[in-house]
Every structure is written in structure tokens, then in C-alpha cells.
Amino acid sequence: MDSLSIKGGVPLHGEVAIGGAKNAVLPIMAASLLTAEPCVIRRVPRLSDVSFMGQILTSLGARVNLDGDTLKIQAVKIKGVGDYDLIRKMRGSICILGPLLGRLRRASVSLPGGCVIGPRPIDLHLKGLSQLGARIIIEGGYVRARAQRLMGGEVFLGGRAGPTVLGTANVMMAAVLAEGVTIIESAACEPEVVDLANFLSAMGARIVGAGSPTVTITGVKELHGAEHEVIPDRIEAATFAIATAATNGEVTLLDARPDHMHAVLDKLRESGVKVERRGSALTVKRGGQLKPVDITTLPYAGFPTDVQAQMMVLMTLTPGISIITERIFESRFMHVSELARLGADIAIEGPSAIVKGGRPLSGAPVMASDLRASAALVIAGLVAKGTTQVKRIYHLDRGYEKIDDKLKRLGARLGRMEES
Ligand code: EPU
């Protein structure tokens, strides 16, 4: 198991290219199961989650080939069973359920199991698929779904914390091959859902309204192969923007989609960070003293939960009190006690973290618990005095392509070490 050793105190400078979005490419890969024809997906980030999904598709019978950043998938003949050993490694793999049901009218997919950021129920996915006519039972740790006929219908996907991203993806992917019209109400509006809808449309699906809370899908008899380029990763871009502000550097993010990042850029500006936008490039630097801000995570277009941990680090550097309220995954605060090991002063009160910022951070060994918590610890390590060793760095490789190389090119002093 690798760890990352970081010598803090170097401001980041230069340019960094943003890769394709993890949370877009995973459902898009799953959508390739909907046709027997070849699909070509470009701008695919080299991530361990992408290779897990590739293994899952291979285990279902698809041929998967990654060449550079181009992925070719062909699912001529597939089986409908997603095994526990693969599915449990990545929660996002639940998005094979919709396409299997759409294509085969049956699916048996292991329940993904626990997750460190809190309970991750799939009741809304199952409700949505049932409303299309699937009979669903949970048996032996598996979701077993079957439909004589999939029929379009009205599906409401609003939950306690708002809409569900992968639930919307699953229902969309089943509905494209259902008979008649499906209307999803309270659909997730995330850009990754829109990217999936664009890929499905390129395959011949009829989808209107993706990116809004009402998505209308008119089922078609079959889909064909398609080519698609994945959108830039707004969470990777936000992570580099925050790392730049935290280290008091100046970095230009290339190939980004600033129009997908309004909530994050707005909060960065409010906290005293200058963000200049030129087309798909964003230049980030501090504009003077950092200012405390309050943040509440919300479904898109609100502030993303996937940037909450990274933003918390910036707040620890900001004199004054900032309050971060997590409304999507309420126990997504595993990074707080690790940040405290570096000297941060953060108290948890229910769904809120109260950050008393301004104390200097000093390097220490810390443990990564999930992907975004790892990113936060890396940012803290880049700022902290002395050396920070971030253990269990494999979490980072799930969602950040070559992050150590990218940071090194921006001047960071860090290296990978094998943990004993
Ligand atoms: N929820 C339910 N019932 C469901 C599904 C979700 O109550 O059936 C609740 C969840 O417990 C949560 C909220 O709804 O409180 C939103 O969860 P959602 O279903 O939208 O999350 P997801 O689709 O499983 C994706 C991303 C996550 C990201 C969330 C929220 C992928 C592969 N994962 O998960 O990404 O945090 O949306 O934006 O797309 C990450 O990249 O680090 C990550 C965790």
C-alpha cells in the first residue's frame, strides 16, 4: 500500500490539464452494455475506478480495450449477473443495474455494501426501476430484477437529501429501451447526468430535459454504437483550484468547464480568491487576505459534497470562523480528525463543521479514509510546515489521474513511498 510524503510550504505555480470526469465516465461505460455494437469513449481518465468498471464489464462478457485515453467497449453477448467480489470494490458499479435490465430484461447485481462516507441506500434506484415494471427482490445479498416488459411511466426520484445521481442514471438507462414514455421527476441535474444523456442520445436514445429536474425519455427498440468525449472533471478542477489558493500560488487550469463550477468559484471568490476565466481556462490566485465563508453542500447547482473536504482545508487557513454544513452525506467528516492531527481546530455539531481558522498547520502522518478526504489531506500537506505522510493513498488513485505527477509539475515536493 503506497503513501504520499509531502514537504509543505511550496506555492503551486504553472498550468495543469484537467482530465475526463470520473463520475461521468463510469455510467457512460455501463451504458455501453445497452448495445451489441462497439462504443468509443474518449478523454477517459486513468483511474483505478475506471479499471474496476472495465473489469466488471469484462466479467459480464463485454470486450474492453483502453488505448491511451480512448476506451473501446463492445458488449456483443452479455450475462446479467454482477458478482459481489467486483461490485463491492466500487459503489458506483451499481449503475450496471439499469443497462442490464434495459438490454436483458433481467439483472442480478450484488448490493455494493457499506461506504465510509455514510449509508448509501439504493431504495430510489429500485423504486424507479419498479415503476418501469421490473419485479425486484433482494436475495442473498443481490438485487434481482426481472421484467417481462419494461413500460415507460412516471418516476419520482426525490429523496431525503434531494435527487439521486446514479439512481437517475439507472432509470434513464433502463427507460431508453422501455416501451413508451418515461418522465423522471426530481431527476438529478448534475453535468455528469447530462453527459450520460448525451452519450445515450448519440446511441439513438430519445431524451429531453437532461440537466433539469424533469427528464422525458421516449423508449426506442434498440440502440447502436456511438463515439463520445467525456466532460472535464469539475471536482478535479475544484481540487486544484483550492490547492492553489491554499498554497498561495498561481495556477491555470486548462481544459476545464467553468460553467459546471459556478458554486465552487463563487465561494472561492467570496473567500478572497481571484478566479479569472478565459474560455476553458481558469487562472486561480489569492486576491489578498482570505475571508471566512459558510458553505452548505447541496445537489447541483449547489456546492458539491465532493469538494467539501478540500474547501475545509482552505477554511482552516482562514482567520475567523467558517461553518460547513454537509447535507448530502451527513457523516462525510472523516477528514476532520485527521486534519486535527495537523493542527486544525474543527468541531462537529450535527451536520455542521465549525472551523476556527488561522492556526498554522504542521506536518504529521495521517490516514486517508475516502477519495475526497484524501484530496483534502494532500492539500493540507502541501501547506503544512514540515513533512506530511498521507497513508492509504490508493483512495486517491480511484479518482485523481496522476495527481502526484501533476502536483510535482506545479512545484510541489512530494513522493510516493511503499508502506511497510
Ligand atoms: N440516496 C437515497 N436513496 C437512494 C440513493 C441515494 O436516499 O436510492 C441518498 C444518499 O444517501 C445521499 C443522496 O441521496 O444522501 C445523494 O446520493 P446520490 O445517489 O446522488 O449519490 P451517488 O449517485 O451514489 C454520486 C457520486 C458521488 C457523489 C454523489 C453526490 C458517482 C460514481 N458517485 O454518488 O461521488 O458524492 O453522487 O453528488 O457518480 C466521489 O466522487 O467521491 C463520490 C462519492
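These numbers were taken from a predicted model, which means no experiment stands behind them.

Caption draft 1: Expanded view of the overall build of the chain. Counting its regular elements, the chain contains 14 helices and 26 strands. Taking 2.2 N^0.38 as the reference for a compact globule, 420 residues should give roughly 22 Å; the C-alpha atoms of the chain span a radius of gyration of 21 Å, in line with that estimate. With respect to the three principal axes, the spread of C-alpha positions in the chain is 60 × 45 × 40 Å. The proportion of buried residues among the 420 residues of the chain is 57%. Within the chain, contacts between residues at least 6 apart in sequence are counted, and of these 73% link residues at least 24 apart. Surface exposure of the chain reaches about 16200 Å², of which carbon and sulfur atoms provide 50%. For the chain, the separation between the mean place of its 50 positive charges and that of its 41 negative charges on side chains is 2 Å.

Caption draft 2: Examining the nonpolar core more closely. One finds Met53, Ile96 and Leu200 to be the most contacted residues of the largest nonpolar core, which totals 76 residues. Beyond its immediate sequence surroundings of up to four residues, methionine 53 is in contact with Leu26, Met29, Ala30, Met90, Gly92, Ser93, Cys95 and Ile96. Grouped together as the second largest cluster of nonpolar side chains are 69 residues, Phe303, Met311, Val313 and Leu382 included.

Caption draft 3: Seen up close, the site of the ligand. Close to the ligand lie 24 residues, the nearest being Asp123, Leu124, Thr164, Asp306 and Ile328. Within the side chain of arginine 120, an N or O atom sits 3.1 Å from an oxygen atom of the ligand. Between the ligand and leucine 124 there is a distance of 2.7 Å, counted from an oxygen atom to a backbone nitrogen or oxygen. Look at the ligand: alone it shows 830 Å² of surface, and the protein chains cover 92% of it. Of all the secondary structure elements, the ones that give two or more residues to the shell around the ligand are α1 (22–31), α5 (123–131), α6 (165–175) and α12 (371–383). In terms of residue class, the shell around the ligand is made up of twelve nonpolar, four polar and eight charged. Looking at which domains feed residues into the shell around the ligand, each of domain 1 (2–19 + 233–418) and domain 2 (22–219) gives three or more.

Caption draft 4: Spatial organisation of the domain arrangement of the chain. According to the domain assignment, the chain contains domain 1 (2–19 + 233–418) and domain 2 (22–219). The C-alpha centroid of domain 2 is placed 30 Å from the C-alpha centroid of domain 1. Taking both partners together, domain 1 and domain 2 bury about 1900 Å²; carbon and sulfur atoms supply 52% of that area. Linking domain 1 to domain 2 there are three salt bridges. In this structure, the salt-bridge partner of aspartate 49 is arginine 398, at a minimum N-O distance of 2.8 Å. One can count ten residue pairs in polar contact (both at pLDDT 80 or more) joining domain 1 with domain 2. Of all the elements in the fold, those that place two or more residues in the side of domain 1 that touches domain 2 are α12 and α13 (394–399). The dominant element in the side of domain 1 that touches domain 2, judged by the number of residues it contributes, is α13, at three residues.

How each quantity is defined
Residues numbered from 1 in each chain as written. Predicted model: local features only at pLDDT ≥ 70, side-chain atom pairs only at ≥ 80, totals over all residues. Heavy atoms only, no water. Helix = DSSP H or I, 4+ residues; strand = E, 2+ residues; numbered from the N terminus. Rg over C-alpha atoms; globule rule 2.2 N^0.38 Å. Buried < 20%, exposed > 50% of the residue type's maximum accessible area, 1.4 Å probe, protein only. Contact = heavy atoms within 4.5 Å. Areas by Shrake-Rupley, 256 points an atom, 1.4 Å probe, with all protein chains shown as cover. Lys, Arg positive; Asp, Glu negative; His and termini not counted. Charge placed at Lys NZ, Arg CZ, Asp CG, Glu CD. Core = buried A, V, L, I, M, F, W, Y, C linked by side-chain atoms within 4.5 Å. Near = heavy atom within 4 Å. Polar contact = N/O pair within 3.5 Å; in protein donor to acceptor, adjacent residues only side chain to side chain. Nonpolar A, V, L, I, M, F, W, Y, C, P; charged D, E, K, R; others polar. Domains from an automatic or database assignment. Buried area = accessible area lost by both parts, 1.4 Å probe. Salt bridge = Lys/Arg side-chain N within 4 Å of Asp/Glu carboxyl O.

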